[in-house]
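Inside the fold
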Amino acid sequence: AEQGESLADKLTHRRNQSALKVPRPIKAQMKAATEALKKKGLAKKALGVGKKLPVIELINSKSKKFLLNDFIGNKTVVITFYRGGWCPYCMLELDQYQAMITDFEKAGVDIIAISPDSVMESRKTRKKRNLSYKLFSDPNNTAAKKLGLAFKVSENIIGIYEKFGIDLKKSQGNSANELPLPGTYVVDSKGVIRYSFVDPDYTVRAEPSVVLEIAHKLVKSK
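So, here's what we can say about the structure.

Conventions we followed
- Residues numbered from 1 in each chain as written.
- Predicted model: local features only at pLDDT ≥ 70, side-chain atom pairs only at ≥ 80, totals over all residues.
- Heavy atoms only, no water.
- Axes fitted to C-alpha atoms, helices over the stretch in contact; angles between N-to-C directions.
- Helix = DSSP H or I, 4+ residues; strand = E, 2+ residues; numbered from the N terminus.
- Parallel < 35°, antiparallel > 145°, perpendicular 65-115°, else oblique.
- Left-handed = near helix turned anticlockwise from the far one by under 90°.
- Contact = heavy atoms within 4.5 Å.
- Nonpolar A, V, L, I, M, F, W, Y, C, P; charged D, E, K, R; others polar.
- Salt bridge = Lys/Arg side-chain N within 4 Å of Asp/Glu carboxyl O.
- Buried < 20%, exposed > 50% of the residue type's maximum accessible area, 1.4 Å probe, protein only.
- Expected span 1.5 Å × (residues − 1).
- Arc of directions from axis to C-beta.
- Phe/Tyr/Trp six-rings, centres within 6.5 Å; stacked < 30°, edge-to-face > 60°.
- Lys NZ or Arg CZ within 6 Å of the ring centre and 35° of its normal.
- Pairing = 2+ DSSP bridges.
- Right-handed = clockwise from strand over helix to strand, strands pointing away.

Details of the packing of helix 1 (residues 7–21) against helix 5 (residues 88–99)
The contact between helix 1 and helix 5 brings their axes to 10 Å, and the two run at 160°. With respect to helix 5, the axis of helix 1 lies roughly antiparallel. In this structure, helix 1 meets helix 5 at a crossing whose hand is right-handed. For the pair formed by helix 1 and helix 5, the contact residues are L7, K10, L11, R14, R15 and S18 on the first element and P88, Y89, L92, E93 and Q96 on the second. Residue classes in the contact of helix 1 with helix 5 are distributed as five nonpolar, two polar and four charged.

With respect to the pattern of salt bridges
A side chain of one charge can pair with a side chain of the opposite charge if their charged atoms are brought near each other. Using the criterion set out here, one finds nine salt bridges in the structure. Across the pair K65 and E57 runs a salt bridge, and its minimum N-O distance is 4.0 Å. Overall, E57 belongs to the partly exposed group, its relative accessible area being 42%. For E213, the salt bridge goes to K217, with nearest N and O atoms at 3.8 Å. Residue E213 and its partner K217 are located together in helix 11 (residues 208–221), separated by four residues, close to a single helical turn. For E213, a relative accessible area of 48% puts it in the partly exposed group.

Notes on the side chain of S189
Examined against the element boundaries, S189 turns out to sit in the loop between strand 8 (183–187) and strand 9 (193–198). For S189, the residues in contact, after removing those within four places along its chain, are G73, N74, K75, T76 and K222.

What about helix 1?
With 15 residues, helix 1 ought to run about 21 Å at 1.5 Å a step, and its terminal C-alpha atoms sit 21 Å apart, in line with that. Along helix 1, the residues that are buried comprise L7, L11 and S18. All buried residues of helix 1 lie within an arc of 35° about the axis, which places them on one face of the element. Tucked inside the fold, the buried residues of helix 1 contact helix 5 and helix 11.

Structural notes on the packing of aromatic side chains
The tally for this structure, following the rule as stated, stands at seven aromatic pairs. Taking 5.7 Å as the distance between ring centres and 65° as the angle between the ring planes, the aromatic pair formed by F66 and F71 counts as edge-to-face. Overall, the relative accessible area of 34% leaves F71 in the partly exposed class. Through pairs of rings, three or more aromatic residues link up here, namely F66, F71 and F136. The ring of Y202 has R83 sitting right over it, with the charged end atom 3.9 Å from the ring centre.

Notes on the pairing of strand 5 (residues 134–137)
Here four bridges tie strand 4 (residues 110–115) to strand 5, and the two strands are oriented parallel to one another. In the sheet register, S115 faces strand 5, and the bridge partner there is S137. Considered for its hand, the β-α-β crossover made up of strand 4, helix 7 (residues 119–129) and strand 5 is right-handed.

Here it is in structure tokens:
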């Protein structure tokens, strides 16, 4: 694999750029929202290592319902939940997986990305980012809820998002104002979660090279 910048480096760069651009009062509110999520302990309560992946129903790019569990079959997969096509940190993450796609394919590992975006939005993201792996829609964050990732976005943050031109109602096709914590999982061929990364700070993600290494070991030990 090409030894480029790590995802962590790219996220830090983006955070620094954002720090220069976003007015201080807005930054303070966003930081407070992240802190509130940390206090809630969602990440600790989320489904973790050793737990079986629950039955998850998603919508594919043809607007058809299907069970993720059947789709996975008995393969080792990486499942990553992202907030939406509007989230720059999520897009850096999805791009990094795409940049490493041949490494994942060689290792025999599939990548699946899930968001509460509508099917149309998911399609747009896939096309715009030129992604060759699957993006699935999780309407109303049903799957995210089963994994303990979903939370309600506070009114003041919704207001900030609107100022940024982010419209959750439009991108998700509902008015629930809910999002998933970005979570990344490696699920083995028996459907058991063998690695989980969940952080209430949406600017922090699992490092794809670490995820690949863990998934590859599972394939080899099968």
